[in-house]
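Listed below, chain by chain, are the residues.
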Amino acid sequence: MKSLDHVGSRRALAGNAWIDILDAEGATMGSYFVNDVTVVDVRPSARGAGLVDVTVTLWCDQALPGAGEIWDLIRTGRLNRTGMWHVLDPVDRHAWLSVALWSREYQCRGKLDAPARQVFTLDGRQCVDVDSFYCALGEAINGPGGYFGWTLDALVDCLRGGWGATSPFTLQWQYSAVARARLAELRATGEGEAILFDLLLEIFQEQGIQVILQ
């Protein structure tokens, strides 16, 4: 990086880059695109001769507050059971979803999508808001820390295949009345507005997913 030679000057601005999140073995778990990278300090590294430790300032809107703790769960192998997101507040649930997305390839390496006509079970008691719905759905399909969308458009993309499940499949939505009461906000559609719960059911139907409300 040429800017290492210009620390303390405006020429130390490196510009844009990708920052990798590494596991304990140095393998990439996920990456963030970062802007305005500026090198502010360079020191010899204790990790070996010829290496340097670089301190930078940067801007990254993809790395959400609270995400660091979730990356640590993956790095240390402690993201290994379902329901770990249940205790999170709304801000941390959104961070959970972001890490589930950016770590998906790492967590699913070598794992094939579930075959068509699989049955997945979704617990509606945990769907207290839209983010918790996505947390619960991702876990139901891809296991602890799993991802299966975090916006309506992303959900449609996941339902088209390549994200852990193969359509058509069946979703058994347990305690669906509880979820219906909580996912009652109005969302804009091309035809006006629709209740979020009904909109989710419509998306599943359009993609050939059988939803059994229990």
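Every value quoted in this text rests on a predicted model; they were computed, and no experiment measured them.

S.K.: Help me out: how do you make sense of the overall build of the protein in this one?
M.R.: Of the regular secondary structure elements, the protein holds seven helices and eight strands. Across its three principal directions, the C-alpha atoms of the protein cover 65 × 40 × 30 Å. Counting over 214 residues, the protein shows a buried share of 37%. Taking contacts inside the protein between residues at least 6 apart in sequence as the whole, the part at least 24 apart equals 59%. Counting 18 positive and 26 negative side-chain charges, the protein places the averaged centre of each group 5 Å from the other.

S.K.: How should I be thinking about helix 2 (residues 90-102) in this particular structure?
M.R.: One turn of the α-helix equals 3.6 residues, which is why residues spaced by three or four share an orientation. The first and last C-alpha atoms of helix 2 sit 19 Å apart over 13 residues, in line with the 18 Å expected at 1.5 Å per residue. Within helix 2 the residues assigned to the buried category are R93, A95, W96, L97, S98, V99, A100 and L101. Turning to helix 2, the residues buried within the fold contact strand 2 (28-44), helix 1 (67-75), helix 3 (104-107) and helix 4 (130-142).

S.K.: Looking at this model, I keep getting lost on the environment of G110. Mind explaining?
M.R.: Among the structural elements, G110 can be located in the loop between helix 3 and strand 4 (119-123). According to the relative accessible area criterion, G110 is exposed, its value standing at 86%. Taking the C-alpha atoms as reference, G110 lies 18 Å from G138; in sequence the two are 28 residues apart.

S.K.: Looking at this structure, I do not really get the packing of aromatic side chains. What am I missing?
M.R.: Two descriptors summarise a pair of aromatic rings, namely the distance from one centre to the other and the angle between the planes of the rings. One pass over the structure, following the stated rule, counts nine aromatic pairs. The structure contains a cluster of three or more aromatic residues connected by ring pairs, namely F133, Y134, W173 and F197. The lysine or arginine in question, R109, covers the ring of Y106, its NZ or CZ lying 4.0 Å from the ring centre.

S.K.: Looking at this structure, I do not really get the nonpolar core. What am I missing?
M.R.: Here is a general trend for soluble globular proteins: nonpolar side chains tend to be buried in one another's company. Residues F133, L137, F148, L155, W173, L183 and F204 are the most contacted members of the largest nonpolar core, which totals 53 residues. Of all the secondary-structure elements, those providing two or more residues to this core are strand 2, helix 1, helix 2, strand 4, helix 4, helix 5 (152-159), strand 5 (170-174) and helix 7 (196-206). It is helix 4 that contributes the most residues to this core, seven residues altogether.

S.K.: Please clarify how the packing of helix 5 against helix 7 should be interpreted in this entry.
M.R.: Two elements in contact, helix 5 and helix 7, have axes whose closest approach is 10 Å; the angle formed by their N-to-C orientations is 25°. Between helix 5 and helix 7, the angle falls in the class roughly parallel. For helix 5 against helix 7, the interelement crossing comes out right-handed. Contacts between helix 5 and helix 7 pair L152, L155, V156 and L159 from the former with L196, L199, L200, I203 and F204 from the latter. For the contact of helix 5 with helix 7, the class distribution of residues is nine nonpolar, no polar and no charged.

About the thresholds
- Residues numbered from 1 in each chain as written.
- Predicted model: local features only at pLDDT ≥ 70, side-chain atom pairs only at ≥ 80, totals over all residues.
- Heavy atoms only, no water.
- Helix = DSSP H or I, 4+ residues; strand = E, 2+ residues; numbered from the N terminus.
- Buried < 20%, exposed > 50% of the residue type's maximum accessible area, 1.4 Å probe, protein only.
- Contact = heavy atoms within 4.5 Å.
- Lys, Arg positive; Asp, Glu negative; His and termini not counted.
- Charge placed at Lys NZ, Arg CZ, Asp CG, Glu CD.
- Expected span 1.5 Å × (residues − 1).
- Phe/Tyr/Trp six-rings, centres within 6.5 Å; stacked < 30°, edge-to-face > 60°.
- Lys NZ or Arg CZ within 6 Å of the ring centre and 35° of its normal.
- Core = buried A, V, L, I, M, F, W, Y, C linked by side-chain atoms within 4.5 Å.
- Axes fitted to C-alpha atoms, helices over the stretch in contact; angles between N-to-C directions.
- Parallel < 35°, antiparallel > 145°, perpendicular 65-115°, else oblique.
- Left-handed = near helix turned anticlockwise from the far one by under 90°.
- Nonpolar A, V, L, I, M, F, W, Y, C, P; charged D, E, K, R; others polar.

Function cannot be inferred from these measures alone, as they are strictly geometric.
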